[in-house]
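Residues per chain are reported as follows:
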Amino acid sequence: MFLDSDDLFEKDLIEKMLQQITVDDADMCICNVDQYNTETGEYIPKSQYLRISCIPEIIPFSRREIGKDILHFTSLVPWNKMFRRGFIDEHQLCFQDIQRANDQYFSILALVLAERITVVNKILVHYRVKQKGNLTTEFSDTPLCSYEAMVKAKDALEDIGLMNEEDVRCSFDNKALNIMIFSLNIQNTTNGYKTLYDTLTQGGFERLGLILRDKEYYNDPLEYENFKKILDMTYDEYLLAKNREYRETIARKNELVKEKNSQIRSLKKIEREYEAVKKRKWYRAVNKVLPIYSAMIKPFKKTKPEGKTGQDED
């Protein structure tokens, strides 16, 4: 296992995963994950670490059973996975020698090559977010690391002939596009953003084998739309389009806030009206009489004789 020291783990993490990987005689085992917000203390459910809806009914499984979801049903992070040592040695899997995203190559090869993958559908890892000093907060220092990782993974899959399999090709294309779009979105300097953008548009997408296909080929329609824009637009045009998207998103959020505030005002108005009614004399009088009335009629309430149904017999 490969665990990051800044994350949180359930005490039975290793026990549960070792038990499952042993019972299923699997090459790897994957558990579920949520995110822990260090600022608010909240635990946030996240589906990308284990998409149960994508997993075949029969477990363990491999790329042959799960098809094009082999790189989609889980994230490429290694810290929610347990690996059989013999499997790693057999395929000589190792982390890439780059500063960041050095686990992506390892995880892609492991997922595609594994003959038996099993899962523990239980949250055993809590990934910390909103913390200072972790690797992703300084992503723009090395904007090309994820690109380099995907290039290395593609070359390795081609060398062993797996990119000839339609499902592997589709799964890799979707994962590569997802990571490239994500890598652009998390850049926090203009220099890092433009470096990655220029790399992708000046031969990078071609190097990854990414070409525009039918919309149905892609897992995420938004990533497909972004891909089209990047291919069709200049750098300045793309930034302008993203700015418009941002403004439209803010406008929609503002409308939702207005709607929420309107509903809150309506509820508060009803609450004030109710409080006003409770102060009226007739309301207080009725509340005093009702218990007395209920006590008076209680002895006269009819009960059904034992054995009777809802209808009287002739």
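These figures come from a predicted structure and were not determined experimentally.

Chemist: Explain the pairing of strand 5 (residues 117-129) residue by residue, including any values.
Modeler: As paired strands, strand 1 (residues 8-9) and strand 5 are joined by two bridges and run antiparallel to one another. Across the sheet, residue Leu 8 finds its bridge partner in strand 5, namely His 126.

Chemist: Please provide a residue-by-residue account of unusual backbone geometry, values included.
Modeler: Negative phi values dominate among residues other than glycine, just as trans dominates among peptide bonds. Along the chain, Ile 59 connects to Pro 60 via a cis peptide bond; the corresponding omega equals 10°. Structurally, Pro 60 can be placed in the loop between strand 3 (43-45) and helix 2 (63-66). One non-glycine residue, Asp 25, lies in the positive phi region at around 45°. By secondary structure assignment, the location of Asp 25 is in the loop between helix 1 (13-23) and strand 2 (28-37). Backbone geometry places Gln 92, a non-glycine residue, at a positive phi of 55°. Mapped onto the secondary structure, Gln 92 falls in the loop between helix 3 (85-91) and helix 4 (104-113). On the basis of relative accessibility, which here comes to 68%, the residue Gln 92 falls in the exposed class.

Chemist: A description of helix 9 (residues 235-278) should follow, citing residues and the corresponding values.
Modeler: The end-to-end C-alpha distance of helix 9, which contains 44 residues, comes to 64 Å, matching closely the 64 Å that a straight helix rising 1.5 Å per residue would cover. Looking at the buried residues of helix 9, the elements they touch are helix 7 (190-208) and helix 8 (221-232).

Chemist: Explain the confidence of the model for the protein chain to me, and be specific about the residues and the numbers.
Modeler: Taken residue by residue, the protein chain gives an average pLDDT of 89. The fraction at 70 or more is 93%. Contacts for the low-pLDDT stretch residues 308-314, under 50 throughout, to residues beyond four places or in other chains number one contact.

Chemist: Please provide a residue-by-residue account of the nonpolar core, values included.
Modeler: In this structure, Phe 73, Leu 109, Leu 111, Ile 117 and Leu 157 are the most contacted members of the largest nonpolar core, which totals 57 residues. Among the elements that make up this core, the one with the highest residue count is helix 6 (residues 166-185) (nine residues). Trp 79, Met 82, Tyr 127 and Val 129 belong to the second largest nonpolar core, which has 16 residues in total.

Chemist: Hey, could you go over the environment of Arg 272 for me, with residue numbers and the actual values?
Modeler: Of note, Arg 272 is situated in helix 9. Residue Arg 272 is classed as exposed on the basis of its relative accessible area of 54%. Through-space distance from the C-alpha of Arg 272 to that of Gln 96 is 64 Å; in sequence the pair is 176 residues apart.

Chemist: Can you lay out the state of the cysteines for me, pointing to particular residues and giving the numbers?
Modeler: Under the definition given, this model contains zero disulfides. Note on Cys 29: no disulfide assigned, nearest cysteine sulfur contributed by Cys 31 at a separation of 7.2 Å. On the basis of relative accessibility, which here comes to 0%, the residue Cys 29 falls in the buried class. Distance from the sulfur of Cys 145, which forms no disulfide, to the nearest cysteine sulfur (Cys 94) is 16 Å.

Chemist: Now, about helix 4: what can you tell me, with residues and values included?
Modeler: Along helix 4, ten of the ten residues are buried, which leaves the element largely enclosed by surrounding structure. Burial in helix 4 covers these residues: Gln 104, Tyr 105, Phe 106, Ser 107, Ile 108, Leu 109, Ala 110, Leu 111, Val 112 and Leu 113.

Chemist: Which residues make up the packing of aromatic side chains, and what values do they have?
Modeler: A full pass over the atoms with the stated rule returns 16 aromatic pairs. Ring centres of Tyr 217 and Tyr 218 lie 5.4 Å apart, and the angle between their planes is 80°; on these two criteria the pair is classed as edge-to-face. For Tyr 218, a relative accessible area of 9% translates into the label buried. Summarising the aromatic geometry, the rings of Tyr 218 and Tyr 224 are spaced 5.4 Å apart at their centres and angled 35° between planes, so their arrangement reads as tilted. Of the aromatic side chains, those joined through ring pairs into one cluster are Phe 205, Tyr 217, Tyr 218, Tyr 224 and Phe 227. In this structure, Lys 152 packs its charged tip against the face of Tyr 105, placed 4.8 Å from the ring centre. Above the ring of Tyr 235, the side-chain terminus of Lys 194 is found at 5.1 Å from the ring centroid.

Parameters at a glance
Residues numbered from 1 in each chain as written. Predicted model: local features only at pLDDT ≥ 70, side-chain atom pairs only at ≥ 80, totals over all residues. Heavy atoms only, no water. Pairing = 2+ DSSP bridges. Helix = DSSP H or I, 4+ residues; strand = E, 2+ residues; numbered from the N terminus. Buried < 20%, exposed > 50% of the residue type's maximum accessible area, 1.4 Å probe, protein only. Expected span 1.5 Å × (residues − 1). Contact = heavy atoms within 4.5 Å. pLDDT = per-residue confidence, 0-100. Core = buried A, V, L, I, M, F, W, Y, C linked by side-chain atoms within 4.5 Å. Disulfide = S-S within 2.5 Å. Phe/Tyr/Trp six-rings, centres within 6.5 Å; stacked < 30°, edge-to-face > 60°. Lys NZ or Arg CZ within 6 Å of the ring centre and 35° of its normal.

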